[in-house]
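# Descriptive analysis of the structure
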Amino acid sequence: LFGPESTPTFLGVPGTAKSSLLSATAESFGDKWRKVGDYYPEDKYCYIYVECPVKDVPDVQSGIPERDKQKIVTYIGEIFEMDDPRPKVIMLDEELKSPKLLQIAWQAIKLERMIGNKPFPEGTIVFSTSNNPTDGVGDALQDHGINRVIIYWYDGPTANEWLTWAI
């Protein structure tokens, strides 16, 4: 469904385990990572979980003046582990609940594989999750971004499927 070339957004009703997609992705790649805080240098990827609604611009990137160069340089938030050369698998969780300013940063990450003016390592995979805008829980799609991503409508189990599992 996704890879270094395409960027899906998984939209679905609250409570359908969309947030578990990152650990499922790690498992499908044969890596050990399962949760935030895990770090396995032998994994093929760095797994980056971004809880978008609780992030602020300085958590992601900041322009800092460098007086000697007379330039504004970009500092990248540590969450993206840019000091690790491995490609990343980045999950932007609850992306559409973010402030609009951050949604612009997420668009660059999703579509250009960049943060600030710095590209992610070759092979980086990015995807996002959120609730349906019609669910009434604060998710809003930006017009200029929605036409450039793949949207998958993520459904939970039917009542019968859930009962089968529950039994």
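A few points on the structure.

Rules used throughout
Residues numbered from 1 in each chain as written. Predicted model: local features only at pLDDT ≥ 70, side-chain atom pairs only at ≥ 80, totals over all residues. Heavy atoms only, no water. Helix = DSSP H or I, 4+ residues; strand = E, 2+ residues; numbered from the N terminus. Buried < 20%, exposed > 50% of the residue type's maximum accessible area, 1.4 Å probe, protein only. Areas by Shrake-Rupley, 256 points an atom, 1.4 Å probe, with all protein chains shown as cover. Pairing = 2+ DSSP bridges. Axes fitted to C-alpha atoms, helices over the stretch in contact; angles between N-to-C directions. Contact = heavy atoms within 4.5 Å. Phe/Tyr/Trp six-rings, centres within 6.5 Å; stacked < 30°, edge-to-face > 60°. 1 Å grid on protein atoms, 1.4 Å probe; cavity = no way out; pocket = protein on both sides within 12 Å on 5 of 7 lines; lining within 4 Å. Points joined across faces, edges and corners; volume = space filled by probe spheres on them. Nonpolar A, V, L, I, M, F, W, Y, C, P; charged D, E, K, R; others polar.

On to the overall build of the protein chain, then. Each helix and strand counted, the protein chain has 5 helices and 9 strands in total. Reading the protein chain from its N terminus to its C terminus gives the helix and strand order β-α-β-α-β-β-β-α-β-β-β-α-β-α. Buried residues in the protein chain amount to 37% of all 167 residues. Here the protein chain displays about 9,700 Å² of accessible surface, and carbon together with sulfur accounts for 55% of that area.

On to the sheet that holds strand β8 (residues 125-131). Read from one edge to the other, the open sheet built from 5 strands follows the order β2-β5-β8-β1-β9, with strand pairing classed as parallel. Looking at strand neighbours, the two that pair on one side only are β2 (46-51) and β9 (150-154), the edges of this open sheet. Strand-to-strand, the axes of this sheet are offset by a mean angle of 20°, without reference to chain direction. Relative to strand β5 (residues 88-93), β2 runs parallel, the two sharing 6 bridges. Its bridge partner lying in β5, C46 is registered against K88.

Now for the side chain of D84. Position of D84 relative to the elements: it lies in the loop between β4 (71-76) and β5. On the basis of relative accessible area, D84 is assigned to the buried category, the value being 8%. Once residues within four sequence positions are removed from consideration, D84 is found in contact with Y39, C46 and P121.

On to the packing of aromatic side chains, then. A full pass over the atoms with the stated rule returns 6 aromatic pairs. Judged by centre distance (5.5 Å) and plane angle (20°), the ring pair of F10 and Y152 falls under stacked. Residue F10 is located in strand β1 (residues 8-12), and its partner Y152 is located in strand β9; the two are separated by 142 residues in the primary sequence. Classification of Y152 as partly exposed rests on a relative accessible area of 26%.

What follows is about the layout of surface pockets. Estimated volume of the largest pocket: approximately 200 Å³. Taken together, 16 residues make up the lining of the largest pocket; nearest its centre are W33, G37, D38, Y47 and E81. Class assignment of the residues belonging to the lining of the largest pocket gives a composition of 10 nonpolar, 1 polar and 5 charged.

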